[in-house]
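Understanding the architecture of this molecule
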Amino acid sequence: MLIARLGIALAKLLAGTVLAILIFLAGTYFEVRGALPPYAGQFAVKGLKAPVEIVRDRNAIPHIIAGSIEDAAYGLGFVHAQDRFWQMELMRRVGQGRLSEIVPPMLVGNGVVNSDRTMRGLGVYRHASDSVGALSPATRSILEAYAAGVNAWLADPEQQFGLELTLVKLLSGGRYRPDPWRPADSLVWTKLMALTLDGNWRAELLRLELMRKVGEDGVKFLIEAPGESRDATLTLVNQALNGTDLKRLYRDTDNDATRKREASNEWVLSGAHSVSGKPLLANDPHLGLNFPGIWYLAHLIGPGFDIRGASAPGVPAIVLGHNASIGWGFTTTNLDSQDLFLERVDPTDPNRYLTPDGARPFNTYDETIDVAWGDPVQMRVRETRHGVVIDDFVHHDDKLLPSGHVLALQATALDSGDTTMEGLIRLGMAQNWQEFLAAGRKVVSPMQNIVYADTAGNIGLTAPARVPMRRKGDGSMPQPGWTGEYDWAGFVPFDELPRLYDPASGIIVNANARLVPDDYRYFISRDWAAPYRQRRANALLREVERHPVYGMIAIQADNLSPDAAESLPVLLKAAPRNARATKVYEMMGRWNRFMLASRPEPLIYSAWMMELQRGLLEDEVGADLYSDMRGSNVPLILRILKDRPEWCDDRTTKATESCDDIIAAALERALDGIAREQGSQIETWQWGRAHLAAYRHPLFDGIPLLRDIASVRFPSDGGANTLNRAEPSFRGRAPFEAVHGVTFRGVYDFSDLDNSRFATPLGQSGNLLSPYAHSYVEQWQSLNYLEIPSTRARALRGAVGTINLSPPAH
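Report follows, based on the coordinates. (Residues numbered from 1 in each chain as written. Predicted model: local features only at pLDDT ≥ 70, side-chain atom pairs only at ≥ 80, totals over all residues. Heavy atoms only, no water.)

**Details of the sheet that holds strand E1 (residues 41–44)**
The cut-off we apply is this: By this definition, two strands are paired if DSSP reports at least two bridges between them. By the criteria applied, helices consist of DSSP H or I runs no shorter than four residues and strands consist of E runs no shorter than two, each listed in order from the N terminus. Fitted lines through C-alpha atoms serve as axes, helices being fitted only where they are in contact, and the angles separating the N-to-C directions of these axes extend from 0 to 180 degrees. Any two residues whose heavy atoms approach within 4.5 Å are treated as being in contact.
Pairing in this open sheet of 11 strands is mixed, and the strands run E1-E30-E2-E3-E6-E7-E8-E9-E17-E18-E22 from one edge to the other. This sheet does not close on itself; its edge strands, each paired only once, are E1 and strand E22 (499–501). When strand polarity is set aside, the average angle formed by the axes of neighbouring strands in this sheet is 25°. In this structure, strand E18 (residues 459–462) lies alongside E22, joined through 3 bridges in antiparallel fashion. Paired with glycine 460 across the two strands is tyrosine 501, which belongs to E22. Docked against the sheet, helix H12 (residues 420–429) engages strand E7 (305–311), strand E8 (318–322) and strand E9 (326–332), running at close to 145° with respect to E9.

Quick look at the structure:
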C-alpha cells in the first residue's frame, strides 16, 4: 500500500512538473516566435564605410553587396548574428572555457565543467587573443568589421537570440546578456578546428594505456607502426608513467572540441575529363552532425570580389567555395602536430622542471571557472617549454602521475602567432595559382589537403601547415622531455610540403587516405584514413571519359561500401552453423554491397563487423579500455584475422576458440541484437530504421520533451566507408545512428560558375521556430542541390527579403 501511494504521489509530481514545463515552453515559444529576425528593412548601423545591401534569395541565402571587402564582412557578421548567434555564442564559450557560466550542469551533465577545464587549461582563448596581433593590418580590419556587424545586431537591448539563449536568460533571472563580439572570438573557430582535425594527443594516451595491455609489439601492430625501432623510448616512458591513471586523463579531456574525427572527399578534374572542357571540382567535408549545421551559405559581392559558398558562423570568410576565377575544397590530412612530452620535475624544487640546459621555472596561470548554480572552480595551470601541463586541468582528488613527472602538450593548434584565419580570408580573394599558394603560406593549423581549379583550366593541390620536424621519433607516443632528443627542430619548409599542379593524369583525388608516397622525406602522419573512399572515387572517375556536373553529384552520393569486398569473403569462408546463419549467408553472398536504407544486408554487415571487432579486442585489452575503441575498423579486423589469429581465442573462456568460432559467435550476437529491435523476420529488417542521420541539438537532444523538436533525424543511406559517408557512433543504445558524415557538398563548374551547385542538409537558420531551419532537408535527401545566383537581379527573383544597412546620418 505504501509503495502504491508513493507511486501515485510520484506520478502527480511528475505530471505537475511536466505541466509546468509545458506552460513554460509555450510561453517561451510565443516570445521567441514573435521575435524571429527580420529579413527586410532599413538599419542605420555604426561602423560601416558605405551602405550595404543584403538580398536573401528564395533559399534564404544572403547576397551581400558592398563597396569594400570590409563592409562585406560587416554584412556577413550581421546575417550570421541574425540566423546563428546562439551557435556562435556556444562556439566562443567552448573556446573560452566559459560554458559553465550559462549552461547549468543539471541540463547537460558535468561534462560541461570538464570541457571548460580542458579549454582553460589548453589556453585556447589566450592563444587566439595573442594571434590577433600576428595578423596583417588588412586582415585585422576585416575581423574588426565582421565583429562590428555582429555587434550591430546585438546592440538592441530587447534583442532575442533564439530559444536557447532565451532559456539561458530566463534561467539567469534576466541577467544574461551576450558580450560584444571580438576578433579573437572568430579565431577560436580555427583553433577548435585544429584541435580536433589535427588532434592526436589523446590518442597517445590511449596508445600508452594499450601498451600495458598488449605490450609494445601489440601497440605497434594496432597502429601499423613503420619499420623504425623505438623500443628504448617506449620502455623509458612506460617506466616513468607506471601507475598513471591514463584512462582518466583520456576521458576527462574528452569533449567535442578535443575528439578526433576525420573524413572528407574531394576531387578535381582537368578539362580533358569534363564534358565542358573546363575543370570540375567537387568537395564534401565530413564532420559531426549537429543542429544547426556547421555551414552557412553566402555570397559576397563588391569591387574586386565575387565569392560564393559555405561560410562558418563566427568566421568573416567563405571557407569553402569559389570566386570569379578560382575554386577550392578541403579534406583533412590527419597531420600529427600534437606531441606529449613527459617532463621531469626538479627534485630540489617542485616549481621547476628539468631541461637539457638545467632546471627552469614553470610558467603558471590561475583560472577561475564560474559555474551556474554551482561553486566556482579554481585552477592553477603550469606550462613548460613544450607547452601546457595537461594533468593540471583534469579534475581529480588524487595525483594522476607518479611523483616527479608531468605531461606537457606541444601543439601547433596552440600557437600564439597563428595566421590561419588570414590564409582563409586570402583564399577567397586569390585570383590564380600563385596567389592561392601565397594564401596557403599563412596556414598554421589544421593541415588541409586543398584542391584547386581555375577558369583558365588549371588544377592543383597543396597541403599547407606548420609540419613539425622532430629530432627523433615520430611523436606517436609520449616522449621524454628533459633530454631534448625528441624536441621539434623546426617546421617543414613551405615549398617542400606536398603539392601538385596540372598533373598529366588530369585527376586529383583525396579522401583522407595516404597523401604522400613512402619515400616522402618528411613524416606527416601514421593516422591516414582507410583507403576505401579514395579508391572508390578514383575508380568511378576513371570509368567515364568525360563527366558532367551531375556526374559529380552522383559520385558524391555513391553508397557502395568497398570494404565489404575484402571482408565478406573472410566472413563467409566457414560453413554456417545453424539455419538462421545459413539464410544470412545466402543473403550476404548475393548482396551488391550498397548501403541502402531500405535493405537488411547493410544492417547485418555493420552489426557483424562491430561484434567481430569486439570479440577480437575486448578480451585482449579489457572491457573498460575497449569502450574507448569501439567501432568497425575493417583493415584492423582483417589484419588480426590474418596475422594475429591467436587473438581469436577468447581469454574469458576455458575453451580455445578459432577465428571461425569468433566470426560465428559475432554473427549470432549481431543477429540477436537486430532481432530485439526489429523482430525475427530478417527480410523486413532495414538499415534505415537503425541508421538515422542524427543532427543532434547540443543542449536539448537529451531532454525528452525537446529532443524531437530540437534535433533532426531521418533514415540515411551510406556508412562509414562509403563516399556518401554517414558513420555510426557504435555506442550506446542506438549504435548505428549516424553522428559523423557529410555536412556540405559543392560542385564547381569552371566553364560556367553559375552552373555550380551547393547543398547543406538542414537550412540557413539556427532558430528552431524559423521556416528556414529545416528547409533544405527534402532537397538534401533527393540530391536536389542549390544554385547561388551570381547577380543581384537573379537573387531578387523570389527573394524572401532585402535588408539595407547604412551608416548613421550625421
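Picking up after the structure, the text goes on.
**What to know about the state of the cysteines**
Selection criterion: The criterion for a disulfide is a pair of cysteine sulfur atoms lying within 2.5 Å. Using a 1.4 Å probe on the protein chains alone, a residue whose accessible area is under 20% of its type maximum counts as buried, one over 50% counts as exposed, and one in between counts as partly exposed.
Considering all chains together, one arrives at 1 disulfide under this definition. Here cysteine 648 is linked by a disulfide to cysteine 659, with a sulfur-sulfur distance of 2.0 Å. Sign of the S-S torsion, about 85° for the bond between cysteine 648 and cysteine 659, identifies this disulfide as right-handed. Taken together, the positions of cysteine 648 in the loop between helix H20 (634–643) and helix H21 (659–678) and cysteine 659 in helix H21 put the pair 11 residues apart, joining distant regions of the chain. Exposure remark for cysteine 648: the relative accessible area of 0% places this residue in the buried category.

**Some points on the pairing of strand E23 (residues 507–510)**
The side-chain alternation of E23 yields two buried faces, one formed by Ile507 and Val509 and the other by Ile508 and Asn510. Taken together, the 4 bridges between strand E4 (residues 264–269) and E23 define a ladder with antiparallel strand orientation. Across the sheet, leucine 269 pairs through a bridge with isoleucine 507, a residue of E23.

**Overview of helix H9 (residues 201–222)**
Helical geometry: 3.6 residues make up each α-helical turn, so side chains three or four residues apart lie on a common side. We count it as follows: Expected span, for any helix, means 1.5 Å times one less than how many residues it has.
Over its 22 residues, H9 extends only 17 Å from the first C-alpha to the last, a length that falls short of the 32 Å expected when each residue adds 1.5 Å. Extensive coverage of H9 is indicated by the burial of 16 of its 22 residues.

**Details of the pattern of salt bridges**
To be explicit about the condition: The rule for a salt bridge is simple: a side-chain nitrogen of Lys or Arg has to be within 4 Å of a carboxyl oxygen of Asp or Glu.
In this structure the tally under the stated criterion is 46 salt bridges. Between arginine 521 and glutamate 496 there is a salt bridge, with its nearest N and O atoms 3.3 Å apart. Of this pair, arginine 521 sits in the loop between E23 and helix H14 (532–543) while glutamate 496 sits in the loop between strand E21 (488–491) and E22, and the two are 25 residues apart along the sequence. By relative accessible area, which is 64% here, arginine 521 ends up exposed. Looking at glutamate 496, the relative accessible area reads 31%, which means it is partly exposed.

**Thoughts on the packing of aromatic side chains**
Defined as follows: Ring pairs are drawn from Phe, Tyr and Trp, using the six-membered ring of Trp, whenever the two centres fall within 6.5 Å, and their geometry is named by plane angle: stacked under 30 degrees, edge-to-face over 60, tilted for the rest.
Applying the stated criterion across every chain, the model contains 18 aromatic pairs. When the ring of tryptophan 189 is compared with that of tryptophan 295, the centres are 6.3 Å apart and the planes differ by 65°; the resulting orientation is edge-to-face. Placement of tryptophan 189 in helix H8 (residues 183–197) and of tryptophan 295 in the loop between strand E5 (280–288) and strand E6 (296–302) is noted, with a sequence separation of 106 residues between them. The same class applies to tryptophan 189 as to tryptophan 295, namely buried. Judged by centre distance (5.7 Å) and plane angle (40°), the rings of tyrosine 748 and phenylalanine 758 are tilted. With tyrosine 748 in strand E28 (residues 745–749) and phenylalanine 758 in strand E29 (residues 757–759), this pair connects stretches of sequence that are 10 residues apart. Comparing tyrosine 748 with phenylalanine 758, the two get one shared label, buried. Site record: aromatic cluster; members linked through ring pairs are Trp433, Phe436, Tyr452 and Tyr501.

**Quick word on the layout of surface pockets**
Which entries qualify depends on this criterion: A cavity here means a set of points on a 1 Å grid, drawn over the protein atoms and nothing else, where a 1.4 Å probe fits but cannot get out; a pocket is an open set with protein on both sides within 12 Å along at least five of seven lines, and a residue lines either one if it has an atom within 4 Å of a point. Grid points are joined across faces, edges and corners, and a volume is the space filled by probe spheres set on the points. Residue type decides the class: Asp, Glu, Lys and Arg count as charged, Ala, Val, Leu, Ile, Met, Phe, Trp, Tyr, Cys and Pro as nonpolar, and the leftover types, Gly among them, as polar.
By volume, the second largest pocket is sized at about 700 Å³. Considering the residues around the second largest pocket, the lining is formed by 28 residues, among which Gly732, Arg733, Ala734, Pro735 and Phe736 are closest to the centre. Mapped by element, the contributors of at least two residues to the lining of the second largest pocket are helix H18 (601–621), H21 and helix H22 (687–690). By residue number, the principal contributor to the lining of the second largest pocket is H21, which donates 7 residues. Among the residues forming the lining of the second largest pocket, the class breakdown is 12 nonpolar, 4 polar and 12 charged.

**Re the side chain of asparagine 323**
Short version of the rule: Between N or O atoms, a polar contact is any pair within 3.5 Å; within protein, one atom must be a potential hydrogen donor and the other a potential acceptor, and residues adjacent in sequence are included only when both atoms are from side chains.
Topologically, asparagine 323 is positioned in the loop between E8 and E9. Exposure remark for asparagine 323: the relative accessible area of 1% places this residue in the buried category. A polar atom in the side chain of asparagine 323 sits 2.7 Å from the backbone nitrogen of serine 325. In this structure the side chain of asparagine 323 is engaged in a polar contact, spanning 2.7 Å, whose partner is the backbone oxygen of alanine 430. The residues touching asparagine 323, leaving out its near neighbours within four places in the chain, are Asp306, Ile307, Trp328, Leu427, Gly428, Met429, Ala430, Gln431 and Leu753.

**Notes on the side chain of arginine 382**
The residue arginine 382 is located in strand E14 (residues 377–383) in this model. At 2.8 Å, the side chain of arginine 382 forms a polar contact with the side chain of aspartate 392. Apart from residues lying up to four places away in sequence, arginine 382 is in contact with Pro350, Phe362, Asn363, Thr364, Val388, Val389, Asp392 and Val406.

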